[in-house]
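If you want the building blocks of each chain, they are given just below.
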Amino acid sequence: DRWLTCKSLPPGALERIADTVADRVRVPWFAGAVKINISLVPPLILLPVFLHIAALHFLLGLVILTSLPVVVLWYYYLTHRRKERTLFFLSLGLFSLGYMYYVFLQEVVPRGHVRYSQVVTLTCGLVLMLVALSRAKKDPGYLPIPASNKKLSQQGLPNNSVRGSSNGLHGVTTLGAASGRAANGEAKGYFRMSAEEPEGVKKDWCAKCQLVRPARAGHCRLCGRCVRRLGPHCVWINSCVGEQNHQAFILALSSFMLTSVYGITLTLHTVCRGRTPFVALFYCPGAYSDYSSALSFTCVWYCAIVTAGMGYILLIQLLNISYNVTEREARLALRDNTGRRLLGGLVIDTGQYNRGFLCNWGHFLSLGSSPPQHSAEDIV
């Protein structure tokens, strides 16, 4: 009624409508209707539609391929500001891989310029990336919740609240004495303990998880758990990057980069014969001679944009490993003005854990090899 009479909607009305629509989107199944996460739907529908429209004309392709990154970045900042977890980016990444591989097999391989061994190599790279991605989505190094907190949460005390994550792990938030400690000057939910580790680094008390965190551990506000050697919460894997999955995360990024560049090269050699891949990417006169070539060339540009973004993420990760710093530590160092910018601001050297290039990489390659240390709360 308000829409028909051009009246303004009350605050929060659009959010409630969106939540209702998301709750009603279900697929009939034998055991009952299955609820569908609405964030999975847009990539499955919009990506093929946009790419096919972009293949109709050069100007349409320019507009669409320019606007897609802007829309993705806008949605990222929207969900990041609201501290929401979403499967949109993971769905977009996986469906993009599948659809690009489908276009390659349907439009590029039948032209006869791609050998069977090259298809096998590209397929193996794709499988390796998916295996590494599956490993990266597993436990990033969650700190175990103390048994006392599990008992309190199971008793259903009125002062506790549980925040769940997508993989079924739960973090206990404000409980009894923790809320008292947080009220005494700790707005961020933890305070510094006097206990020190051998390296002279103070431990942290997390009032949300009710445990003493070892050095370099941190609390992820999206997962609701404390993670060893916490890095970023990567939206592309919908999980944190921590001590246990950092190596798999780097392997997934590296294999994606190699596979994507290889697939782009094969496609450009097929669509733009007689030109080097770099030149063909910007100058390919026969790209729009037929719809099949136009679609392949459009997908190449889409892959190039995604590869450039993932390449930047991989570059930052490699630089952080070389200086033995995580993104969380770099952010805290900038906030406290204790770090120094290097390489034009691409990396922040805190100087706290930097032991030289070779030692830093040796430390990274040994992540997860030693058994996790139990916190003081668990020992008590």
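Residues numbered from 1 in each chain as written. Predicted model: local features only at pLDDT ≥ 70, side-chain atom pairs only at ≥ 80, totals over all residues. Heavy atoms only, no water.

A. Region of the structure containing empty space enclosed by the protein. Under the definition given, this model contains three cavities of 30 Å³ or more. The volume enclosed by the largest cavity comes to roughly 70 Å³. In terms of lining, the largest cavity is formed by R229, G231, P232, V241, G242, H246, Q317, N320, V325, T326 and E327. (1 Å grid on protein atoms, 1.4 Å probe; cavity = no way out; pocket = protein on both sides within 12 Å on 5 of 7 lines; lining within 4 Å. Points joined across faces, edges and corners; volume = space filled by probe spheres on them.)

B. Molecular detail of unusual backbone geometry. If you check the backbone angles, R216 has positive phi at about 75° while not being a glycine. By the element assignment, R216 lies in the loop between strand 7 (211-213) and strand 8 (218-220). One non-glycine residue, N238, lies in the positive phi region at around 55°. Position of N238 among the secondary structure elements: in the loop between strand 10 (233-234) and strand 11 (239-240). (Helix = DSSP H or I, 4+ residues; strand = E, 2+ residues; numbered from the N terminus.)

C. Highlighting the packing of aromatic side chains. The tally for this structure, following the rule as stated, stands at 14 aromatic pairs. With a centroid separation of 6.3 Å and an interplanar angle of 75°, the aromatic rings of Y288 and F297 are classed as edge-to-face. Here the aromatic residues Y75, Y76, Y77, F88, F89 and W236 are joined through ring pairs into a cluster of three or more. (Phe/Tyr/Trp six-rings, centres within 6.5 Å; stacked < 30°, edge-to-face > 60°.)

D. Here's a closer look at a nonpolar patch on the surface. Together, L44, I45, L46, V49, I53, L56, L60 and Y291 make up a nonpolar patch on the protein surface, roughly 680 Å² of accessible area in all. The biggest single contributor to the nonpolar patch is helix 2 (residues 41-54), with five residues. Along the polypeptide, L44 turns up in helix 2. (Patch = residues over 30% accessible without salt bridge, like charges linked within 9 Å, V, L, I, M, F, W, Y side chains within 5 Å. Areas by Shrake-Rupley, 256 points an atom, 1.4 Å probe, with all protein chains shown as cover. Salt bridge = Lys/Arg side-chain N within 4 Å of Asp/Glu carboxyl O.)

E. Spotlight on the UniProt feature "transmembrane region" (unreviewed entry) in the protein. Under the local residue numbering, the UniProt record ascribes the feature "transmembrane region" (unreviewed entry) to residues 49-75, 87-104, 116-133, 248-271 and 291-315. Segment residues 87-104 splits into 94% helix and 0% strand. End C-alpha atoms: 26 Å apart. Strand forms 0% of residues 116-133 and helix 100%; the C-alpha atoms that close the span are 26 Å apart. (UniProt positions renumbered as here; feature names shortened; annotations may be inferred.)

F. Spatial organisation of the state of the cysteines. Tallied over the entire structure, the rule returns one disulfide. In this model, C272 is linked to C284 through a disulfide, with the two sulfur atoms separated by 1.6 Å. Between C272 and C284 the sulfur-sulfur dihedral comes to about -105°; the bridge is accordingly left-handed. Of this pair, C272 sits in the loop between helix 8 (246-271) and helix 9 (277-282) while C284 is found in the loop between helix 9 and helix 10 (291-322), placing the two residues 12 residues apart along the sequence. We classify C272 as buried; its relative accessible area is 2%. On the basis of relative accessibility, which here comes to 12%, the residue C284 falls in the buried class. For the unlinked cysteine C299, the closest cysteine sulfur is that of C303, found at 6.6 Å. (Disulfide = S-S within 2.5 Å. Buried < 20%, exposed > 50% of the residue type's maximum accessible area, 1.4 Å probe, protein only.)

G. A look at the nonpolar core. Counting residues in hydrophobic clusters, the biggest one holds 31 residues, and the most contacted among them are L51, M100, I264, L268, C284, C299 and Y302. Breaking this core down by element, the ones donating at least two residues are helix 2, helix 3 (58-81), helix 4 (88-108), helix 8, helix 9 and helix 10. If you tally residues by element for this core, the top one is helix 10, at eight residues. In this view, L51 contacts L65, Y99, M100, L295, T298, C299 and Y302; residues no more than four positions away in its chain are not counted. (Core = buried A, V, L, I, M, F, W, Y, C linked by side-chain atoms within 4.5 Å. Contact = heavy atoms within 4.5 Å.)

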